[in-house]
Amino acid sequence: MTLQQEIVGNAMQMAVVSLQPGQTVYCEAGKFLFKTVNVTMETRLGGPSGGGGQRPQGGGTGSGGMGGMLRQAMGTAMQVGQRALAGESLAFQYFTAQGGEGTVGFAGVLPGEMRALELDGTRAWFAEKDAFVAAESTVDFGIAFQGGRTGMKGGEGFVLEKFTGRGTVIIAGAGNFIDLDPSDFGGRIEVDTGCVVAFEEGIRYGVQRVGGLNRQGIMNAVFGGEGLSLATLEGSGRVILQSLTIESLANALKKAQGGDKQGPTGGLFSTDAG
């Protein structure tokens, strides 16, 4: 069953989802806005993984039922542990329409755009941390950890959200979005690590040093405002970038409050946001 949704608004968009009777959508805690009275809300630890968010049927008190309950409990504990390690919300809220069509509204946490991605079961999608807003119960949510070297150099790229299965998933980012395919630009693009919102499976994500250890490389790192690294995206597939990074937004707010410590040079001389 296709998820009927409409993304509305400009500077701070929201998603209005129309649910058919019995249809379920889930969101990360803190992304819910409103619902009609015939839509039930249930909060659960962990999220869908491998079963489309559906609870095991049956159960009983036999060894099979107890084994299923134990496996479910262990799976939930692993999900919660992964999300805690990644700094993500531990709980999800599930919304189901009862006795007729229902409506639910969701939004992100930053001024910017939202995007509905359609998964057909053949390709996963990866997104930056906190990009997830809501999805059908047939979409599985997971955490993907980049390799140590990539994560240590990339900052924002260490933890990614991973979406698999079939159905609609809604993500949000800061500023405006632009869709690119690296294959249209010679197979590779380089971007600020904080500008990556999401990309399809098959795109190779990495991090590279800005320039070499020479005069120009040092100038780029110290005065260029990008630090030491850039994200690299290679291959063929869809990539979504955002025009505003959380760090630049935080620095702008600090400056407006008279607490800007970035200085005139940016780059390595800037103070970490938060």
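Above this text is the structure in question.
Cut-offs applied
Residue numbers restart at each chain and count upward from 1, following the sequence in its written direction. Local features in a predicted model are, by the rule used here, given only for residues with pLDDT of at least 70; side-chain atom pairs are given and counted only at 80 or more, and totals for whole chains, interfaces and linings are based on all residues. Side-chain metrics rest on all non-hydrogen atoms present in the structure, leaving aside hydrogens and water. Each residue is assigned to one of three classes by its accessible area relative to the maximum for its type, calculated with a 1.4 Å probe on protein chains only: buried under 20%, partly exposed between the two thresholds, exposed over 50%. Strands are runs of DSSP state E lasting at least 2 residues, helices are runs of H or I lasting at least 4, and numbering of each runs from the N terminus. A strand pair is defined by DSSP finding two or more bridges across the two strands.

Enquirer: What is the right way to read the pairing of strand β2 (residues 14-19) from this model?
Expert: Residues in a regular strand project their side chains so that they alternate between the two faces of the sheet. The alternating pattern of β2 places A15, V17 and L19 on a buried face, while none of M14, V16 and S18, on the opposite face, is buried. Both strand β1 (residues 4-8) and β2 contribute to a ladder of 5 bridges, which runs antiparallel. Within the sheet, the bridge partner assigned to Q4 lies in β2 and is S18. Between β1 and β2, which follow one another and run antiparallel, lie 5 residues, and G9 among them has a positive phi close to 100°.

Enquirer: Can you help me understand unusual backbone geometry in this one?
Expert: As a rule of thumb, non-glycine residues mostly have phi less than zero, and peptide bonds are mostly trans rather than cis. Look at D130: it is not a glycine, yet its phi comes out positive at around 75°. If you trace the backbone, D130 turns up in the loop between β9 (125-128) and β10 (132-136). Of the residues examined, D130 reaches a relative accessible area of 38% and is grouped as partly exposed.

Enquirer: Could you clarify how one ought to interpret the pairing of strand β7 (residues 102-107) in this entry?
Expert: Counting buried positions along β7 gives 5 out of 6 residues, so the element sits mostly inside the fold. Bridge count between β2 and β7: 6 bridges; the pairing is antiparallel. Across the sheet, residue V16 finds its bridge partner in β7, namely G105. Pairing of strand β4 (residues 32-35) with β7 involves 3 bridges; the strand directions are antiparallel. The residue bridging F32 from the neighbouring strand is F106, located in β7.

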